[in-house]
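Structural features, examined
Now for the letters of each chain:
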Amino acid sequence: MPAEHHLGAGLRLAVTTFTIAPLRPGRVDRAAAGPAMAVAPLVGAALGLVLGGVLLGLAWVAPPLVAAVVTVGCGALLTRGLHLDGLADTVDALGSYRRGAAALEIMKKPDVGPFGVAALVLVLLTQSAVLAELATRSWPTTLAAVVTATAAGRFGVTLACRRGVPAARPEGLGALVAGTVGPVAVAAGAVAVALPALAAVPGRPWQGPLAVAAALAAVLLLLRHLVRRLGGVTGDVLGANVEVATTVVYLGVVLSG
């Protein structure tokens, strides 16, 4: 099949995986998974534009914190809450101190344990607090920061799906996408995320890219630990990477020296 067909199928898979956009399902195989995970940051950037618009629009008629909380809620709605669910399941598995199949079994359970609840509360509160601060800044800066953080979160998935990172199970989303992204796509994704970051902090063009670098370092450390504990990546691990990277970037763009 021509490369453009793989790219088209991959883009469709990326949009239907990372958002609730009403597209008809397309091909779901490893040939489509590679392009899908490679373009994940672009889908994240588009989602960031929507969320940034929601935040800025609400900030005209509501207090910044209210606008921020509603924006975080919209982010969960537009992604079916999948990334938050993945974060909770991953943290529950880590908190159990179990390894391999025993930890994977915990991640499959439908309930959320105390570690997962604590992680969700921390992430949602942090993101809401940061967005409340961003809502008081100029609209170009705010939009750039939200786009950067949302794109960086999805680039965390790209990193987790690069070649050499195994799947934890022989089935499921992890098995479909693990090892499908090559080094060129990883490098291109990093550049794509760093560009809007240059405008994310007023008067400090270096701070946004530095926040992105810190987020990617956090994702790589987390991923290394999870591969040791679980044997590879799963769909839940990908979701955890999204939320960790997004939150670290948000924190990085509001820190002041």
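Keep in mind that what you see is a predicted model, and the values were worked out from it rather than measured.

In this section: the overall build of the chain. Assigned secondary structure in the chain consists of twelve helices and zero strands. Its C-alpha radius of gyration of 17 Å places the chain within 12% of the 18 Å reference for a compact globule of 257 residues. By principal-axis analysis of the C-alpha atoms, the chain measures approximately 50 × 45 × 35 Å. Buried positions account for 49% of the 257 residues belonging to the chain. Within the chain, contacts between residues at least 6 apart in sequence are counted, and of these 75% link residues at least 24 apart. Accessible area for the chain stands at about 11500 Å²; split by element, carbon and sulfur atoms hold 71% of it. With 18 positive and 11 negative side-chain charges, the chain shows a spacing of 7 Å between the two charge centroids.

Our next topic: unusual backbone geometry. The phi dihedral of Arg80 falls on the positive side, at around 60°, and the residue is not glycine. Mapped onto the elements of the fold, Arg80 is located in the loop between α4 (64–78) and α5 (82–95). Even without a glycine there, the phi angle at Tyr97 is positive, about 60°. For Tyr97, the location among the structural elements is in the loop between α5 and α6 (100–108).

As annotated in UniProt, the feature "transmembrane region" (unreviewed entry) corresponds to residues 32–51, 57–78, 112–132, 173–200 and 206–223 in the numbering used here. Annotated as residues 57–78, this span is 82% helix and 0% strand, and its ends, taken at the C-alpha atoms, are 17 Å apart. Helix and strand shares over residues 112–132 are 90% and 0% respectively, and the end C-alpha atoms of the span are 28 Å apart.

What follows concerns the pattern of salt bridges. Using the criterion set out here, one finds one salt bridge in the structure. Residue Arg137 pairs with Glu133 through a salt bridge whose shortest N-O separation is 3.5 Å. Its relative accessible area of 35% is what places Glu133 among the partly exposed residues.

A few words on helix α12 (residues 235–254). For α12, spanning 20 residues, the distance from its first C-alpha to its last is 30 Å, which sits close to the expected 28 Å at 1.5 Å a residue. Of all 20 residues in α12, 15 are buried, a share of seventy percent or more. Of the residues flanking the start of α12, the one acting as N-cap is Thr234, its side-chain oxygen 3.2 Å from the backbone nitrogen of Asp236.

Once that is clear, we can look at the side chain of Gln207. Inspection of the secondary structure puts Gln207 in helix α11 (residues 207–230). Engagement of the side chain of Gln207 in a polar contact is seen with the side chain of Arg204, the distance being 3.0 Å. Among the polar contacts listed, one links the side chain of Gln207 to the backbone oxygen of Gly252, at a separation of 2.8 Å. Once you skip the residues sitting within four places of it in the chain, Gln207 turns out to touch Val201, Gly252, Val253, Val254 and Leu255.

Conventions and cut-offs
Residues take numbers from 1 onward in each chain, read along the sequence in its written order. The predicted nature of this model means local features are confined to residues of pLDDT at least 70 and side-chain atom pairs, given and counted, to a pLDDT of 80 or more, with totals for whole chains, interfaces and linings taken over all residues. The side-chain figures draw on all heavy atoms in the structure; neither hydrogens nor water molecules are used. For the purposes of this entry, the term helix denotes a DSSP run of H or I that reaches at least four residues, the term strand denotes a run of E that reaches at least two, and both are numbered from the N terminus. Note that the radius of gyration is over C-alpha atoms, with the globule rule given as 2.2 Å times the number of residues to the power 0.38. To sort residues, take the accessible area from a 1.4 Å probe on protein chains only and compare it with the maximum for the residue type: under 20% means buried, over 50% means exposed, and anything in between is partly exposed. Note on definitions: a residue-residue contact is assigned when non-hydrogen atoms from the two residues lie within 4.5 Å. In short, Shrake-Rupley with a 1.4 Å probe defines the accessible areas, and a residue's cover is counted only from the protein chains shown. His residues and chain termini do not enter the charge count, which takes Lys and Arg as positive and Asp and Glu as negative. For charged residues, the charge sits on one atom: NZ in Lys, CZ in Arg, CG in Asp, CD in Glu. UniProt positions are given in the numbering used here, feature names are shortened, and annotations may be inferred rather than shown by experiment. Salt bridge, as used here, is a side-chain nitrogen of Lys or Arg placed within 4 Å of a carboxyl oxygen of Asp or Glu. Multiplying one less than the number of residues by 1.5 Å gives the expected span of a helix. A 3.5 Å cut-off defines polar contacts: any pair of N or O atoms within that distance qualifies, except that in protein one atom must be a possible hydrogen donor and the other a possible acceptor, and neighbouring residues in sequence count only when both atoms are side-chain atoms.

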